[in-house]
Amino acid sequence: MALPNTEVEKQKGLPDKEKKKAVLNLLLVVIAIDFLVIAAYFWLVLGIGWDPTLALIPLLGISMATGLYFAWQKGKIDNG
């Protein structure tokens, strides 16, 4: 029987430094998406004259969607 090649196992996935950088870039992208969508949505809602309190309901959905996207991408980064 042959011993497992540890060098090949170490090369799987990204190094820790690159993982941190990838997660930071992902976080910045998600924050930028949230900021732009929320700002545009409030601009639209206030322009139409709707009640801003009612506008929070779709914004919660947007925040949940970007949170799920973040979790999905972070899982991909962590796993390889």
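Note: the structure precedes this text.
It should be emphasised that the depicted structure is a prediction, and the values quoted were computed from it without experimental measurement. (Residues numbered from 1 in each chain as written. Predicted model: local features only at pLDDT ≥ 70, side-chain atom pairs only at ≥ 80, totals over all residues. Heavy atoms only, no water.)

So, about the pattern of salt bridges. Applying the stated criterion across every chain yields a total of one salt bridge. Lys74 serves as the salt-bridge partner of Asp78, at 3.1 Å between the closest nitrogen and oxygen. Residue Asp78 and its partner Lys74 are both found in helix 3 (residues 56-79); the two are separated by four residues, about one turn of the helix. The exposure class assigned to Asp78 is partly exposed, which follows from its relative accessible area of 38%. Judged by its relative accessible area of 30%, Lys74 is partly exposed. (Salt bridge = Lys/Arg side-chain N within 4 Å of Asp/Glu carboxyl O. Helix = DSSP H or I, 4+ residues; strand = E, 2+ residues; numbered from the N terminus. Buried < 20%, exposed > 50% of the residue type's maximum accessible area, 1.4 Å probe, protein only.)

Using the criterion set out here, one finds one aromatic pair in the structure. One cation-aromatic arrangement involves Lys76 over Trp72; the distance from NZ or CZ to the ring centre is 4.8 Å. (Phe/Tyr/Trp six-rings, centres within 6.5 Å; stacked < 30°, edge-to-face > 60°. Lys NZ or Arg CZ within 6 Å of the ring centre and 35° of its normal.)

A separate point is the packing of helix 2 (residues 16-48) against helix 3. At a minimum axis distance of 10 Å, the contact between helix 2 and helix 3 shows a crossing angle of 165°. Between helix 2 and helix 3, the angle falls in the class roughly antiparallel. Crossing hand, helix 2 versus helix 3: right-handed. Mapping the contact onto sequence places Lys19, Ala22, Val23, Leu26, Leu27, Val30, Ile33, Asp34, Val37, Ile38, Tyr41 and Phe42 in helix 2 and Leu56, Pro58, Leu59, Ile62, Ser63, Thr66, Tyr69, Phe70, Gln73, Lys74, Ile77 and Asp78 in helix 3. Looking at the contact of helix 2 with helix 3, its residues break down into 17 nonpolar, three polar and four charged. (Axes fitted to C-alpha atoms, helices over the stretch in contact; angles between N-to-C directions. Parallel < 35°, antiparallel > 145°, perpendicular 65-115°, else oblique. Left-handed = near helix turned anticlockwise from the far one by under 90°. Contact = heavy atoms within 4.5 Å. Nonpolar A, V, L, I, M, F, W, Y, C, P; charged D, E, K, R; others polar.)

Okay, helix 3 next. Given a rise of 1.5 Å per residue, 24 residues ought to cover 34 Å, and the 34 Å separating the end C-alpha atoms of helix 3 matches this to within 8%. Among all positions of helix 3, only Leu59, Thr66, Gln73 and Ile77 are buried. One or two residues past the end of helix 3 sits Gly80, with phi positive at roughly 145°. (Expected span 1.5 Å × (residues − 1).)

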